[in-house]
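# Geometric and topological summary
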Amino acid sequence: MPPDPHPWASRLESLHAEVWTRLIRGVHDRRAAARHPTLATVALDGSPQARTVVLRAADRASATLRVYTDAQSAKMDELQAHPHAALHVWDSGAHLQIRLAARVSVRTGDEVAGLWAQLPEAARLSFGCTPASGQPIPDALAYRKVPDPAVFAVLELRLQAMDIVHLGPQHRRARYARADGWAGVWCAP
Ligand SMILES: Cc1cc2nc3c(=O)[nH]c(=O)nc-3n(C[C@H](O)[C@H](O)[C@H](O)COP(=O)(O)O)c2cc1C
């Protein structure tokens, strides 16, 4: 029998640890799958909304993630009305589907001035647009990018639950919850 390429998938604890390894890699490695998760929120009319974001921080000890956004984007109103989000990653190298449920806190202004100061000039261009993100414009390029710390927002995602699927010779699925200290349970895939 060939060696198992993913021995970590056979135990709840090591599977959980591997998920965090992959998330943290996303923060530091532009080519990692978790670099660009899909962030889903609930729109004001109750419909789902999903979009690609960049994962900016991941901390296993507190089970929190961080995403930056433009405070004028639609997701801000959505998060104010319904401060919950789901984050999705398909990491094909690890054969892992990662689905995360989080409570979201939005931080702006002085609270995030230090993070703004650390952003390279090119990255700041993503925060500040005239007219504001999502507004109709008469022509595809009828907008200006104006970096503006006043519209720089940090989304702090406090994870509540993780649903992990590993596709191996035998598929495995596990659920982990903050409520039970991330001990995890196996589920039918
Ligand atoms: C590769 C990629 C990375 C992106 N990263 C971010 C990001 O980190 N934060 C963000 O708010 N939007 C990011 N966007 C843009 C969003 O996908 C989305 O278009 C924008 O935030 C407006 O979404 P909303 O109208 O639902 O708020 C990214 C888009 C792409 C294609």
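For the structure, see preceding data.
Below: a short report on this structure. (Residues numbered from 1 in each chain as written. Predicted model: local features only at pLDDT ≥ 70, side-chain atom pairs only at ≥ 80, totals over all residues. Heavy atoms only, no water.)

## Examining the pattern of salt bridges
Counting across every chain of the model gives eleven salt bridges. Its salt-bridge partner being R22, residue E18 comes within 3.0 Å of it at the nearest N-O pair. Placement of both E18 and R22 in helix α1 (residues 12-28) is noted, with a separation of four residues, approximately one turn of the helix. Look at R22 and you get buried, because its relative accessible area is 16%. Here R107 ties to E111 by a salt bridge, and the two come within 3.6 Å at their closest N and O atoms. By relative accessible area, which is 29% here, R107 ends up partly exposed. Judged by relative accessible area, which is 55%, E111 ranks as exposed. Taken together, the shared-partner salt bridges connect R66, R107, E111 and E156 into one network. (Salt bridge = Lys/Arg side-chain N within 4 Å of Asp/Glu carboxyl O. Helix = DSSP H or I, 4+ residues; strand = E, 2+ residues; numbered from the N terminus. Buried < 20%, exposed > 50% of the residue type's maximum accessible area, 1.4 Å probe, protein only.)

## Overview of helix α2 (residues 74-81)
All of the buried residues in α2 are K75, M76, E78 and L79. An end-on view of α2 places all buried positions within 165 degrees of arc, on one side of the element. The outward face of α2, more than 90 degrees from its buried face, is lined by the exposed residues Q80 and A81. (Arc of directions from axis to C-beta.)

## Some words on the site of the ligand
Residues in close proximity to the ligand include H36, R51, T52, V53, V54, Y68, T69, S73, A74 and K75, which together make up its full environment. In this structure, T52 approaches the ligand through a main-chain N or O atom, which is 2.8 Å from an oxygen atom. The contact in question runs from an oxygen atom of the ligand to an N or O atom on the backbone of V54, over 2.9 Å. For the shell around the ligand, the secondary-structure elements that each account for two or more residues are β2 (48-52), β4 (64-70) and α2. (Near = heavy atom within 4 Å. Polar contact = N/O pair within 3.5 Å; in protein donor to acceptor, adjacent residues only side chain to side chain.)

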